[in-house]
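Chain by chain, the residues run as shown.
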2 protein chains.
Amino acid sequence: MTPTQLQNVSEAADDIRRLISQGDLAGASAVLTPLSVPEVVELVDRLGIEDAAIVYRLLAKARALEVFEALSPGARGDLVGALRNVEVTALFAEMDPDDRVWLLDELPATVAPQLLRGLTRQERDLTSGMLGYPHASIGRRMSPEFVTTHPHLTVAETLVRVRAALGSAETVYTLPVTDGGRRVVGVVSLRDLLSAEEDTVIADLMSDAHLAEVTEDAEAAARRTTDYGLLALPVVDREQRLVGILTIDDAARILKQEESEDAARQGGVEPLRRSYLSTPIRHLVRSRVVWLLVLAVGATLTVQVLDSFEATLAQMTVLALFVPLLIGTGGNTGNQAATTVTRSLALGEVTPRDLRRVLSREIRVGFSLGLLLGMLGFALAGLIYDWHIGTVIGLTLVAVCTVAASIGGVMPLAARAIRVDPAVFSNPFITTFVDATGLIIYFLIAKAVLGI
Amino acid sequence: MTPTQLQNVSEAADDIRRLISQGDLAGASAVLTPLSVPEVVELVDRLGIEDAAIVYRLLAKARALEVFEALSPGARGDLVGALRNVEVTALFAEMDPDDRVWLLDELPATVAPQLLRGLTRQERDLTSGMLGYPHASIGRRMSPEFVTTHPHLTVAETLVRVRAALGSAETVYTLPVTDGGRRVVGVVSLRDLLSAEEDTVIADLMSDAHLAEVTEDAEAAARRTTDYGLLALPVVDREQRLVGILTIDDAARILKQEESEDAARQGGVEPLRRSYLSTPIRHLVRSRVVWLLVLAVGATLTVQVLDSFEATLAQMTVLALFVPLLIGTGGNTGNQAATTVTRSLALGEVTPRDLRRVLSREIRVGFSLGLLLGMLGFALAGLIYDWHIGTVIGLTLVAVCTVAASIGGVMPLAARAIRVDPAVFSNPFITTFVDATGLIIYFLIAKAVLGI
């Protein structure tokens, strides 16, 4: 959206809300007419769900389908919940198989059989086949509608196949080349077909194929597709037989969804289903409250740690002054390490097997950072308070930074190893964990140095 | 990368390091031969920069260019720094104009004129034209090599143009349709061309075009391209004249780069230029130390706040026990709000003009969360310590959560309004800011309730 488009949408949303509340559907329809499909998508995303359903019904059938397919998965699920059964069944029949599976993932499991019954036999088979693949696998996100060619066919023969598939295949710009056993032996692009002589055989034209296995993680397959700028990635089963194709636009959609979830979890929030401004306040509260409670309960650890050192605190109130600074710095160091390693995991740059290398790197990085901050803390606290306090602060910073960076770096790998989303060990989680550890280190050092 | 591929690369990297240190380049070359281009890219990204340059030199020329183009922008910049001038000049001449501009953005400004001199006149003009567009604009990321058609041409005539451009155009799958003044009036896909009759005129076949203005933010244009699954987005100047085209694979590359930067800044780290495992320890320290220092200096505010309340603290040591819990909860609430709003900004769902709506939502969300946690805190602290303390903790949680959510929600919008990357007001930054505010609120409430 350009700023001008956003302005249009924002004004249209206000008009639509007013017109619907006045029962003026003809007026609302007139507001929709000049808007482009992307603008309607943005509009639907900004309206409350009841208004969004009314807007959807006011659209012409073809346009409505276009809008629906461009909505985010969460928004699609919500919209379907607000439509009547007969409308949903009609919509479902019009969708592509991969969009259908994506939608079913957003709906209660009981809805699926009823919707599938509304399909033709062939469509139902395509969709059910995809539903059989594991959750979050590329098998549920690929398209089963592709066009192939074979090594011994000529360019002219292949172009005939392409023309026959123009109406149905997900893409005709990248063609998997398969042998007699449906195994993928290469790919050929439409561009290469057009620039070759008509009687060239495909075997001379095809190049090596990147492949995804159908049970592979959808995010990993999508990442590979965009990383290498492939217009389409063939998806194969365990015997290397072609079962589907992932196009780059679907790969980008998958990554957008994953990035949004990662960003949310990293900040300790459950991902929203719809856009921020159209999400009801109670849903925003719900997306945050569980994590906040878990973290607050975790933070009672810090109360207990401090409680057990209360005698020391009462004797030296000055120690209390540095508590937020020390645990804050520890939290920041831990977050930095966790952020870097979580992102590297998402990009496939590190795997849980790199645990020892990551740990050794983070210990060194944390120690270097701690040394730097520690010297500074020693000098400042020493000058302003006294050199004993300075020594305590300096040593604590060295220890806390080293421990925090190590924990922050290792946590995401541990999460991945036990097959939990690394972003779940989010920054707030690490902060809370490091807080308690940092306090123990602080008071142990204080007791040792100050002899109390 | 599949796990097996990663394993291969990891082993190959170990072998290559050993062989290079033994001076056995023939052996290193033999290790490279069976690897695919993506595997070599991953390998180069994992090696130290000197070893990476040697590996690059061992590759056949065409393969070397393919590997280079698939590297991340930072890795490309580093590699160029390790190659000799004559090698860089040859490489530069082989690249596409958009890749050239991307590379120049990574290199010192003084290098550009020298590299541009090595190009043919036409290539130089294409590249310099792009360098004239603002930093971070889509003008610097688009491709100036496109093929167009006109409304009055037939399908057959257009296909002749497509065939002529097969070797040079960035894409032939989406064609911008331009009028006599080079203004874009629509787009037509190769798929539609192939399914139409040969004598159909383009005017009857073309559909409305999504467009980007050449000075528009590259991320916004890229986001639009992937959101609507466009294979290519025409880029126009102020007079709607076509100047370039953004393909979906380039859009995905732009978004990957932006997402990585956002993720890093969100955690208070400067983005890394290369993959985590190949980044030297001193670079990792450098990517974190500045933020950590800034935040630590900011955190001295908390020392001052506590110092000014030292008399209260000495009188009631029990107040110190809750400091980490209270400021931690405030920090978490602020982070949650900031994370949600920052992501919505990146997706174009909210703009700085939505400031008042965001503020009003975050006040309500923060108050709801505070009320919930506050009641819990009141009950627990009341039961374990006494009901005065319980009242202080409860009221503080309500106030801190409300303030933290408001600050966290508004900060990213304020950053965007003054044209700073919203992710710069990262979670650690908000935590530090909220810490000091939270402490003041805490002690003011404590003094009022406890009458000290």
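Residues numbered from 1 in each chain as written. Chains lettered and ligands numbered in written order. Predicted model: local features only at pLDDT ≥ 70, side-chain atom pairs only at ≥ 80, totals over all residues. Heavy atoms only, no water.

Caption draft 1: Structural view of the interface of chain A and chain B. Contacts between chain A and chain B engage 114 residues on the former and 114 residues on the latter. Together, the buried faces of chain A and chain B total about 9900 Å²; carbon and sulfur atoms form 64% of this surface. Where chain A touches chain B, the interface holds six salt bridges. A salt bridge links Asp 354 of chain B to Arg 46 of chain A, with the shortest nitrogen-to-oxygen separation between them at 4.0 Å. In this structure, the connection of chain A to chain B is made through 35 residue pairs in polar contact (both at pLDDT 80 or more). Sort the elements by how many residues they give to the side of chain A that touches chain B and helix H15 (residues 281–308) of chain A lands first, with 16 residues. (Contact = heavy atoms within 4.5 Å. Buried area = accessible area lost by both parts, 1.4 Å probe. Salt bridge = Lys/Arg side-chain N within 4 Å of Asp/Glu carboxyl O. Polar contact = N/O pair within 3.5 Å; in protein donor to acceptor, adjacent residues only side chain to side chain. Helix = DSSP H or I, 4+ residues; strand = E, 2+ residues; numbered from the N terminus.)

Caption draft 2: The arrangement of the side chain of Thr 174 of chain B in detail. Mapping Thr 174 of chain B onto the fold places it in strand S1 (residues 174–178). Apart from residues lying up to four places away in sequence, Thr 174 of chain B is in contact with Val 187, Val 188, Ser 189, Leu 231, Ala 232 and Ile 245 of chain B.

Caption draft 3: A look at a nonpolar patch on the surface. All names here are of chain A. Where nonpolar side chains cluster on the molecular surface, the patch consists of Leu 376, Phe 378, Leu 380, Leu 383, Ile 384 and Trp 387 and spans about 630 Å² of accessible area. Of the residues forming the nonpolar patch, the biggest block, five residues, is contributed by helix H19 (residues 355–384). Along the chain, Leu 376 falls in helix H19. With a relative accessible area of 42%, Leu 376 lands in the partly exposed category. (Patch = residues over 30% accessible without salt bridge, like charges linked within 9 Å, V, L, I, M, F, W, Y side chains within 5 Å. Areas by Shrake-Rupley, 256 points an atom, 1.4 Å probe, with all protein chains shown as cover. Buried < 20%, exposed > 50% of the residue type's maximum accessible area, 1.4 Å probe, protein only.)

Caption draft 4: Main features of the relation of the copies chain A and chain B. Each copy superposes on the other: chain A lies on chain B with an RMSD of 0.1 Å after a rotation of 180 degrees and an axial shift of 0.0 Å. The symmetry that links the two subunits is that of a two-fold axis. Comparing interface residues between copies, 99% of those in chain A also sit at the interface in chain B, which points to an isologous, same-surface contact. (Least-squares fit on C-alpha atoms with pLDDT ≥ 70 in both.)

Caption draft 5: Broad picture of the environment of Met 411 of chain A. All names here are of chain A. Locating Met 411 in the fold gives a position in helix H20 (residues 387–417). Among the residues examined, Met 411 registers a relative accessible area of 15% and is labelled buried. Each C-alpha atom of the pair Met 411 and Glu 123 lies 44 Å from the other, and the pair is 288 residues apart in sequence.

Caption draft 6: Region of the structure containing the packing of aromatic side chains. Residue and element names in this part refer to chain A. Going through the model one piece at a time under the given rule, you end up with 11 aromatic pairs over all chains. Both rings, one in Phe 309 and one in Phe 443, keep their centres 4.8 Å apart while their planes meet at 15 degrees; by these two values the pair is stacked. Separated by 134 residues along the polypeptide, Phe 309 in the loop between H15 and helix H16 (310–315) and Phe 443 in helix H21 (residues 427–450) bring together distant segments of the chain. Grouping residues by exposure puts Phe 309 and Phe 443 together as buried. Taken together, the aromatic side chains of Phe 309, Tyr 442 and Phe 443 make up a single cluster linked through ring pairs. When the ring centre of Trp 102 is taken as reference, the NZ or CZ atom of Arg 253 above it lies at 4.9 Å. (Phe/Tyr/Trp six-rings, centres within 6.5 Å; stacked < 30°, edge-to-face > 60°. Lys NZ or Arg CZ within 6 Å of the ring centre and 35° of its normal.)

Caption draft 7: The arrangement of the pattern of salt bridges in detail. All names here are of chain A. Enumeration over the complete set of coordinates arrives at 50 salt bridges over all chains. Where Glu 87 meets Arg 57, a salt bridge forms, and the shortest distance between an N and an O atom there is 2.6 Å. Of the two residues, Glu 87 is situated in helix H7 (residues 85–94) and Arg 57 in helix H4 (residues 49–58); the sequence distance between them amounts to 30 residues. Given the relative accessible area of 18%, Glu 87 is considered buried.

Caption draft 8: A look at the pairing of strand S5 (residues 242–247) of chain B. Of all six residues making up S5 of chain B, six are buried, and the element is well covered by its neighbours. Between strand S4 (residues 232–236) of chain B and S5 of chain B, which follow one another and run antiparallel, lie five residues, and Gln 240 of chain B among them has a positive phi close to 70 degrees. (Pairing = 2+ DSSP bridges.)

Caption draft 9: Expanded view of the sheet that holds strand S5 (residues 242–247) of chain A. Strand order in this open sheet of three strands is S3-S4-S5 (chain A), and the pairing throughout is mixed. Looking at strand neighbours, the two that pair on one side only are strand S3 (212–213) and S5 of chain A, the edges of this open sheet.

Caption draft 10: Fine view of the side chain of Arg 140 of chain A. All names here are of chain A. The residue Arg 140 is located in the loop between helix H10 (121–131) and helix H11 (155–165) in this model. Of the polar contacts made by the side chain of Arg 140, one reaches the backbone oxygen of Tyr 133; its length is 3.0 Å. If near-sequence neighbours (up to four positions away) are discounted, Arg 140 is found in contact with Asp 98, Val 101, Asp 105, Met 130, Leu 131, Tyr 133, Pro 134 and His 135.

Caption draft 11: Region of the structure containing the environment of Ala 404 of chain B. All names here are of chain B. The residue Ala 404 is located in helix H20 (residues 387–417) in this model. According to the relative accessible area criterion, Ala 404 is buried, its value standing at 0%. Residues Ala 404 and Thr 431 lie 27 residues apart in sequence; the distance between their C-alpha atoms is 8.8 Å. Ignoring any residue separated from it by four or fewer positions in sequence, one finds Ala 404 in contact with Gly 330, Thr 333, Gly 334 and Val 434.

Caption draft 12: The sheet that holds S4 of chain B, seen in detail. Residues and elements named next belong to chain B. Spatially, S3-S4-S5 is the arrangement adopted by the three strands of the open sheet, whose pairing is mixed. Two strands bound the open sheet, and with one partner strand each, they are strand S3 (212–213) and S5. Strand direction decides the pairing type here: S4 and S5, joined by five bridges, are antiparallel. Looking across to S5, one finds that Val 236 is bridged to Leu 242.

Caption draft 13: Region of the structure containing unusual backbone geometry. Phi is positive for Ala 136 of chain A, which is not a glycine, with a value near 70 degrees. Following the sequence through the fold, Ala 136 of chain A ends up in the loop between H10 and H11. For Ala 136 of chain A, a relative accessible area of 40% gives the class partly exposed. In this structure, Arg 182 of chain B is a non-glycine residue whose phi angle is positive, near 65 degrees. With respect to the element layout, Arg 182 of chain B can be found in the loop between S1 and strand S2 (184–189).

Caption draft 14: Here's a closer look at the packing of helix H18 (residues 323–346) of chain A against H20 of chain A. Residue and element names in this part refer to chain A. Their axes nearest at 7 Å, the elements H18 and H20 cross at an angle of 30 degrees. In terms of axis orientation, H18 runs roughly parallel to H20. When the axes of H18 and H20 are compared, the crossing they make is right-handed. Residues Leu 326, Thr 329, Gly 330, Thr 333, Gly 334, Ala 337, Ala 338, Val 341, Thr 342 and Leu 345 of H18 form the contact with H20, whose participating residues are Ile 393, Thr 396, Leu 397, Val 400, Cys 401, Ala 404, Ala 405, Gly 408, Gly 409, Pro 412, Leu 413 and Arg 416. (Axes fitted to C-alpha atoms, helices over the stretch in contact; angles between N-to-C directions. Parallel < 35°, antiparallel > 145°, perpendicular 65-115°, else oblique. Left-handed = near helix turned anticlockwise from the far one by under 90°.)

Caption draft 15: Here's a closer look at the confidence of the model for chain A. In this model, chain A carries an average pLDDT of 89, and 98% of its residues clear a pLDDT of 70 or more. Scoring the predicted complex yields pTM 0.87 and, for the interface, ipTM 0.85. (pLDDT = per-residue confidence, 0-100.)

Caption draft 16: Examining the pairing of strand S4 (residues 232–236) of chain A more closely. Here S4 of chain A lies mainly inside the structure; five of its five residues are buried. Here S4 of chain A shows a buried face lined by Ala 232, Pro 234 and Val 236 of chain A and a second buried face lined by Leu 233 and Val 235 of chain A.

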